[in-house]
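The primary structure of each chain is shown beneath.
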Amino acid sequence: MTITRVPTICRVCTHNCPIILDIEDGRAVHVVGDKENPVYDGYTCIKGRSYPELQHSPDRLLHSLHRSGDRFEPIPSPVLMDEVAAQLQAIIAEHGPRSVALYAGTNMKMHPANFPVALAFMDRIGSPMRFTPNTIDQPGKSTAQGLLGQWMAPPQAFSDPGVALLIGINPFVTYNGIPDGHPGKYFRRAMDAGMKLIVIDPRRSDVAKRATLHLQPKAGHDIAILASMIRVILAEGLHDAAFLDGNVDGLEALRGAVAPFEPSIVAANADLEVEQIVEAARMFATAGRGYAVGGTGPNMSAARGTLFEYLVLVLDTICGHWLREGELVRNPGVLIPGVSAKAQAKPPKPAYGYGEKLRVRGLTDSLAGLSTAALPDEILEPGDGQVRALIVLGGNPALAWPDQIKTVEALRSLDLLVVIDNRMTATAKLAHYVVAPKTTLEMPGMTLNREMIRWYATGWGGTTDAYAQYTPALLEPPAGSDVIEDWELFWGLHERMGLPPLQLGGGLFAGVKFEPTPLVEKPSSEELMALLTVGSRIPLETVKQHRHGALFPDPDYRVEPKEAGWDGRLDVANDDMVADLADVADRLRASDGREEDPAFPYRLLCRRMMHVYNSAYNEAATHRGRPFNPAFLHSTDLDALGVSPGELVMIRSQRAAVVAIAERDDDLRPGTVSIAHCYGGGEASDDVRAVGTSTSRLLFVDQEFDRYTGQPLMSNIAVAIAAHDPLTPIETDGPHVGEH
Ligand SMILES: Nc1nc2c(c(=O)[nH]1)N[C@H]1C(S)=C(S)[C@@H](COP(=O)(O)OP(=O)(O)OC[C@H]3O[C@@H](n4cnc5c(=O)[nH]c(N)nc54)[C@H](O)[C@@H]3O)O[C@H]1N2
Ligand SMILES: Nc1nc2c(c(=O)[nH]1)N[C@H]1C(S)=C(S)[C@@H](COP(=O)(O)OP(=O)(O)OC[C@H]3O[C@@H](n4cnc5c(=O)[nH]c(N)nc54)[C@H](O)[C@@H]3O)O[C@H]1N2
Ligand code: SF4
Ligand SMILES: [Mo]
């Protein structure tokens, strides 16, 4: 047999590492990092190295399925499209377009055209009900940008930072918060060049172990800590007064809003030393260049993600951490249109309170999209506009959405649930139709999404310098299989429903404007790639010539001066944010911010694990005999509970109870339990040793939530923990079971 060695892009996760894939006889057999690539230093992880096993897994769906009763039968994909199109037409005719919803999960990106074509389809049926995981992740990033306004040149971020402040984010596992590449080498080089690293995390996380300064507060105090740092910076005059004078409104109001956050009070509440807050503030403000970035931890732990992310932006703004006139833009983009950078502020814009109104909790559309946590309510709540059909593209609601009990009840009640997934997931098992897609190795790919995600937030994705890679499809689908590219489902449905031509359209991400393109004939996969890169700074054809990926620098790409007469300014004292800050300050004075309930003395915190991606890839090749997600506890807590590692614990919140397998982790704060999400099989009775533990069962969606984005409290959950006798049945009923 001959082995062909081909460079390609790993698309197991969104980090898009360049790899060398060995193909033997039409099968993927081996993966190594691509040392010829100029950016990633040959980096790969266990998931990427398991690409061959994932590709050829016996668990892969090779045919689409139709459920009748409890049985799934194979169905040819054209017949599936006929049936789904007819059912959608009937549902729309009877209940209107709003009754059809789309949920595009994290693996919507397997082909770059999937999400754009799915959105184009939703445009044509006229339904505003489009949902993504953004609103159960870090939606405050999108809303906060609207409230602050937008600097029209990139942040200093990855351009030679003197300081990085990482708040509840762990790039050694998740690749967020640093430029794409090799995390270990990045930190070594940046810190050798003088970068100071400040980490705020209740856990001594992988990145905290490298920190110049690690603050290990109680969870949920990030807003107070950031407000206190801002107070120190302004009080000591460490802010960038010239930048603020020229470009920013609200400085005095901000000074007043952070006044209550005295470091001594905040430190006492968060269980820090006052000197730690003061030192963090001084280190951040005096390092020259730098950036701050928050992760899932602080966004999920206080139900105030918009305020948290706003303070992150305010911190960067008062320190002037934005590129100025004449400075080099190291990454002007490659596959996106070249965006001219200008040293000026785009003023704030409405971030919520417009567009489609949800029927629950007063929620509306927002810059983060519609609240996914409210979609189960939209499905269950009878009345005009009730959602009756849901298409799930590369997501796993039954495990991922907060409040699993309500979510599963909602999914079961749908008239039509269509799931595009290559595994029989907990969500697929509830579907009427499961569509079997091609895998990434059977489709072309490019790094376009990595470039666009940069606009999502400062310190978020993308490479330091302009970089891109393209890969053709490398494998044929297995003989006898019937698999389609995900976007082809939406194409097939629109044709059968007799809808007007789909139109690939406008501004998918802030900052990048796409020209709407009508699609009259069905495009090929490659044609779609070309359409998505029309007007790119570097033609896709040029990128294609560099199979190992390449840098496309432009030494003349500089920040242009402010336009004459431009009067846009950023706002560091948005009215809603100042009012919310006052509310946090009031509680701060009263106690430590949230009510302590002695019946639920522990706090459950979110975390991620290297070998999985949310619910995906938890397979033998990656989990190596550990298919469950341990409940990590500090030794002191294990001793107090009388539990040894490997034994079972019962974890109970106000909402429900779950069983988990205890594991020791002395990097945690005592009193916390840290568990990865998206495990379990979707039911209370699941065998924890086989499928792990669902943390989403413990959550409410309607008790504490960000009032702008609807994101509920998803971490820092008050729980009780006890040793669990496997013979005792789990009593899972919380007060809200069955209520909606
Ligand atoms: N309690 C709690 N809940 C959380 C979180 C938390 O921290 N705690 N985190 C939240 C966050 S940040 C997110 S982003 C969401 C994630 O929410 P989702 O996106 O809904 O969940 P994933 O598990 O990422 O779903 C990915 C799906 O893609 C499928 N897949 C794998 N390969 C392919 C492919 O080639 N094609 C297709 N079509 N599908 C494929 C996988 O089988 C899997 O079912 O979960 C959220 N939920
Ligand atoms: N290997 C791998 N990579 C992934 C994923 C995966 O599942 N596996 N998921 C992907 C997805 S969808 C996302 S959204 C990103 C997320 O990427 P990250 O945001 O980096 O996610 P985590 O690794 O969970 O890091 C969250 C950190 O927050 C801390 N934390 C918890 N509560 C608090 C708090 O109140 N305050 C502070 N300051 N910290 C707190 C936790 O201890 C943890 O270390 O990762 C992506 N990358
Ligand atoms: S981090 Fe791992 S899974 Fe993600 S792209 Fe790189 S090798 Fe693939
Ligand atoms: Mo996420």
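Residues numbered from 1 in each chain as written. Chains lettered and ligands numbered in written order. Predicted model: local features only at pLDDT ≥ 70, side-chain atom pairs only at ≥ 80, totals over all residues. Heavy atoms only, no water.

**Student:** Outline the site of ligand 2, supporting the account with residue identities and numerical values.
**Tutor:** Ligand 2 sits among 31 residues. The nearest are T174, D201, G220, D222 and V612. Take N176: an N or O atom from its side chain is 3.4 Å from an oxygen atom of ligand 2. The separation between a nitrogen atom of ligand 2 and a polar side-chain atom of D222 is 2.7 Å. Contact with the protein chains hides 97% of the accessible area of ligand 2, taken as 920 Å² for the molecule alone. For the shell around ligand 2, the element with the most residues is helix α13 (residues 296–300), which contributes three residues. When its residues are assigned to classes, the shell around ligand 2 shows 12 nonpolar, 12 polar and seven charged. (Near = heavy atom within 4 Å. Polar contact = N/O pair within 3.5 Å; in protein donor to acceptor, adjacent residues only side chain to side chain. Areas by Shrake-Rupley, 256 points an atom, 1.4 Å probe, with all protein chains shown as cover. Helix = DSSP H or I, 4+ residues; strand = E, 2+ residues; numbered from the N terminus. Nonpolar A, V, L, I, M, F, W, Y, C, P; charged D, E, K, R; others polar.)

**Student:** How would you summarise the site of ligand 1 if you had to cite specific residues and measurements?
**Tutor:** By nearness alone, 29 residues border ligand 1, and Y103, T106, A400, D421 and S615 come closest of all. I420 has a polar backbone atom sitting 3.3 Å from a nitrogen atom of ligand 1. One of the side-chain N or O atoms of S615 is found 2.5 Å from an oxygen atom in ligand 1. Protein contact buries 96% of the 920 Å² of open area that ligand 1 shows by itself. When its residues are assigned to classes, the shell around ligand 1 shows 12 nonpolar, 13 polar and four charged.

**Student:** Please set out the sheet that holds strand β1 (residues 3–9) residue by residue, giving values where relevant.
**Tutor:** Read from one edge of the open sheet, three strands run β1-β2-β3, paired in antiparallel fashion. Strands at the two margins of the open sheet, each flanked by one partner only, are β1 and β3 (27–33). Between one strand axis and the next, the sheet turns by 30 degrees as a mean value, whatever way the strands run. (Pairing = 2+ DSSP bridges. Axes fitted to C-alpha atoms, helices over the stretch in contact; angles between N-to-C directions.)

**Student:** Can you break down the pairing of strand β17 (residues 389–393) residue by residue, with the values?
**Tutor:** Taken across its five residues, β17 has five buried, putting it largely inside the fold. Judged by which residues are buried, β17 turns out to be covered on both faces: A389, I391 and L393 on one side and L390 and V392 on the other are all buried. With five bridges joining them, strand β6 (residues 100–104) and β17 adopt parallel strand pairing. Residue Y103 lies in a different strand from β17, and its bridge partner there is V392. With five bridges joining them, β17 and strand β18 (residues 416–420) adopt parallel strand pairing. Within β18, the position partnered with A389 by the bridge is L416. (Buried < 20%, exposed > 50% of the residue type's maximum accessible area, 1.4 Å probe, protein only.)

**Student:** Can you tell me about the sheet that holds β17, naming the residues and giving the values?
**Tutor:** Here we have seven strands laid out as an open sheet, ordered β5-β4-β19-β18-β17-β6-β7, and mixed in their pairing. Looking at which strands have only one partner, the edges of the open sheet turn out to be β5 (71–74) and β7 (130–131). Contacts from helix α3 (residues 77–95) reach β4 (65–68), β6, β17, β18 and β19 (433–435), with the element oriented near 130 degrees to β19. (Contact = heavy atoms within 4.5 Å.)

**Student:** Provide a residue-level description of the nonpolar core, including the pertinent values.
**Tutor:** In this structure, L165 and M229 are the most contacted members of the largest nonpolar core, which totals 70 residues. Ranked by residues supplied to this core, first place goes to helix α8 (residues 222–235) with 10 residues. Setting aside residues no more than four positions away along its own chain, M229 makes contact with L165, I277, A280, A281, F284 and L315. If you look at the next biggest cluster of nonpolar residues, it comprises 60 residues, including L370, L411, A428 and V483. (Core = buried A, V, L, I, M, F, W, Y, C linked by side-chain atoms within 4.5 Å.)

**Student:** How would you explain the side chain of S536 if you had to name every residue and give the values?
**Tutor:** Topologically, S536 is positioned in the loop between α20 (525–532) and α21 (540–544). Classification of S536 as buried rests on a relative accessible area of 13%. A polar atom in the side chain of S536 sits 2.6 Å from the backbone oxygen of I538. Residues within four places of S536 in sequence aside, it is in contact with V334, L335, I336 and P337.

**Student:** Give me the lowdown on the pattern of salt bridges, citing residues and values where you can.
**Tutor:** Per the stated rule, a full pass over the model turns up 36 salt bridges. Between R330 and D160 there is a salt bridge, with its nearest N and O atoms 3.1 Å apart. One end of the pair, R330, is in the loop between α14 (305–318) and β14 (345–346); the other, D160, is in the loop between β8 (150–151) and β9 (163–167), with 170 residues separating them in the sequence. Among the residues examined, R330 registers a relative accessible area of 24% and is labelled partly exposed. For E236, the salt bridge identified is with R282, shortest N-O distance 2.8 Å. With E236 in the loop between α8 and α9 (241–247) and R282 in helix α12 (residues 274–286), this pair connects stretches of sequence that are 46 residues apart. Judged by its relative accessible area of 41%, R282 falls in the partly exposed class. Ionic contacts of the salt-bridge type, sharing partners, join the residues R98, E356, R359 and E378 into one network. (Salt bridge = Lys/Arg side-chain N within 4 Å of Asp/Glu carboxyl O.)

**Student:** Can you break down the environment of L699 residue by residue, with the values?
**Tutor:** Turning to its location among the elements, L699 is positioned in the loop between α25 (688–691) and β32 (717–723). Judged by relative accessible area, which is 5%, L699 ranks as buried. C-alpha of L699 to C-alpha of I405: the two residues are 294 residues apart in sequence and 9.3 Å apart in space. The residues touching L699, leaving out its near neighbours within four places in the chain, are P402, D403, R655, L713, M714 and I717.

**Student:** Describe unusual backbone geometry, listing the residues and the values that go with them.
**Tutor:** The phi dihedral of Y617 is positive, around 70 degrees, even though this residue is not glycine. Locating Y617 in the fold gives a position in the loop between β27 (602–607) and α23 (620–623). The backbone phi angle of C678 is positive, close to 65 degrees, even though this residue is not glycine. Residue position: C678 is located in the loop between β31 (672–676) and α25. Taking relative accessible area as the criterion, C678 reaches 7% and is therefore assigned buried.

**Student:** Tell me about the pairing of β4, residues and numbers included.
**Tutor:** As defined by bridge partners, β4 adjoins β5 across four bridges and the pair is classed as antiparallel. Within β5, the position partnered with S68 by the bridge is R71. Linking β4 back to β5 in an antiparallel pair, the connection comprises two residues, with G69 at a positive phi of about 65 degrees. Direction of pairing for β4 relative to β19: antiparallel, over a ladder of two bridges. Looking at the pairing, L65 lines up with V434 of β19.

**Student:** Before we move on, could you go through the packing of helix α4 (residues 114–125) against helix α19 (residues 486–496) and cite the residues and values that matter?
**Tutor:** For the pair α4 and α19, interaxial distance at closest approach is 8 Å and the crossing angle is 20 degrees. Taken together, the axes of α4 and α19 lie roughly parallel to each other. The interaxial crossing formed by α4 with α19 has left-handed handedness. Packed against α4, whose contacting residues are N114, V117, A118 and F121, the element α19 presents D486, W487, F490, L493 and H494 at the interface. When the residues that make up the contact of α4 with α19 are grouped by side-chain class, the tally is six nonpolar, two polar and one charged. (Parallel < 35°, antiparallel > 145°, perpendicular 65-115°, else oblique. Left-handed = near helix turned anticlockwise from the far one by under 90°.)

**Student:** A description of the confidence of the model for the protein should follow, citing residues and the corresponding values.
**Tutor:** In this model, the protein carries a mean pLDDT of 94, and residues with pLDDT of at least 70 account for 96%. Here residues 735–740 is a poorly scored stretch, pLDDT under 50, and it has 13 contacts once near neighbours within four places are set aside; other chains count. (pLDDT = per-residue confidence, 0-100.)

**Student:** Explain α8 to me, using residue names and the numbers behind them.
**Tutor:** For α8, built from 14 residues, the straight-helix expectation of 20 Å at 1.5 Å per residue is met to within 8% by its first-to-last C-alpha distance of 20 Å. The buried count for α8 comes to 12 of 14 residues, which makes it a mostly enclosed element. The set of residues buried in α8 consists of D222, I223, A224, I225, L226, A227, S228, M229, I230, V232, I233 and L234. (Expected span 1.5 Å × (residues − 1).)

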